[in-house]
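Chain by chain, the residues run as shown.
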Amino acid sequence: MSAANSETVRRFCQSLATGDMALAARHLANDVYYHNMPWEPMRGARAVQEFLQPFVDGTHCALTSMEIHHQVADGDTVMNARSETWERRGLKVVLPVAGVFVLREGLIVKWCDYWDLATFKPILDSISK
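Everything numeric here is computed off the predicted structure, so don't read it as measured data.

Draft legend 1. Fine view of the environment of His70. Note that His70 resides in strand β3 (residues 62-74). Through-space distance from the C-alpha of His70 to that of Trp39 is 24 Å; in sequence the pair is 31 residues apart. Aside from chain neighbours lying at most four places away, what touches His70 is Met79, Asn80 and Ala81.

Draft legend 2. Up close: the pairing of strand β4 (residues 77-88). Summarising the sheet, β3 and β4 pair through 11 bridges and their orientation is antiparallel. When the bridges of β4 are listed, Leu63 appears paired with Trp86. The antiparallel pairing of β3 with β4 creates a hairpin that spans two residues between the two strands, and Gly75 there sits at a positive phi of about 60 degrees. Relative to strand β5 (residues 91-104), β4 runs antiparallel, the two sharing 12 bridges. For Thr77, the partnering residue across the bridge sits in β5 and is Val102. The antiparallel pairing of β4 with β5 creates a hairpin that spans two residues between the two strands, and Arg89 there sits at a positive phi of about 50 degrees.

Draft legend 3. Focus on the pattern of salt bridges. For the coordinates displayed, the defined rule picks out six salt bridges. In this structure, the salt-bridge partner of Asp31 is Arg104, at a minimum N-O distance of 3.6 Å. Here Arg104 lies in strand β5 and Asp31 lies in strand β1 (residues 28-36), a separation of 73 residues in the sequence. The exposure class assigned to Asp31 is partly exposed, which follows from its relative accessible area of 38%. Owing to a relative accessible area of 45%, Arg104 belongs among the partly exposed residues under this scheme.

Draft legend 4. Geometry of the packing of aromatic side chains. Within this structure, the stated rule accounts for 11 aromatic pairs. Ring geometry for Trp86 and Phe120: centres 5.2 Å apart, planes at 75 degrees, overall edge-to-face. Taken together, the positions of Trp86 in strand β4 and Phe120 in helix α4 (residues 117-127) put the pair 34 residues apart, joining distant regions of the chain. In this structure Trp86 comes out as buried when scored by relative accessible area, which is 8%. One aromatic cluster is present, built from ring pairs that chain together Phe12, Tyr34, Trp39, Phe51, Phe55, Trp86, Phe101, Trp111, Trp115 and Phe120.

Draft legend 5. Seen up close, empty space enclosed by the protein. A full pass over the atoms with the stated rule returns one cavity of 30 Å³ or more. The computed volume of the largest cavity comes to approximately 200 Å³. For the largest cavity, the lining is made up of 19 residues, of which Tyr34, Asn36, Leu52, Glu84 and Trp86 are closest to its centre. Taken together, the elements giving at least two residues each to the lining of the largest cavity come down to β1, α3 (45-56), β3, β4, β5 and β6 (107-114). Per element, the largest residue contribution to the lining of the largest cavity is four residues, and it comes from α3.

The rules behind each value
Residues numbered from 1 in each chain as written. Predicted model: local features only at pLDDT ≥ 70, side-chain atom pairs only at ≥ 80, totals over all residues. Heavy atoms only, no water. Helix = DSSP H or I, 4+ residues; strand = E, 2+ residues; numbered from the N terminus. Contact = heavy atoms within 4.5 Å. Pairing = 2+ DSSP bridges. Salt bridge = Lys/Arg side-chain N within 4 Å of Asp/Glu carboxyl O. Buried < 20%, exposed > 50% of the residue type's maximum accessible area, 1.4 Å probe, protein only. Phe/Tyr/Trp six-rings, centres within 6.5 Å; stacked < 30°, edge-to-face > 60°. 1 Å grid on protein atoms, 1.4 Å probe; cavity = no way out; pocket = protein on both sides within 12 Å on 5 of 7 lines; lining within 4 Å. Points joined across faces, edges and corners; volume = space filled by probe spheres on them.

In structure tokens form, the structure reads like this:
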């Protein structure tokens, strides 16, 4: 089960990096719990899709690549350390992220990402201009 769950998380991350939010959402349980630290958590695949769509498709900024450096799985839990590259208006930020995923029946039921807001702030500031 660990290997299958690890592969599901890899496919999920890849779909985000390629801007395919519809494909990414297929890996999420309908009642998924998502906490994108330091922001408030949300629940539900539709809420996650609506929140992430403007970011991954380039409307506000674009997630242009994601590199998973390390990933481990134990049963239903998968953890990874990755770098996400975000680009907007000529600005480029490489954001280190640690992710924790819990899966049930092949779907992500809990997803928590930990990252530094100060590193991402230049991208956020460019959105408000």
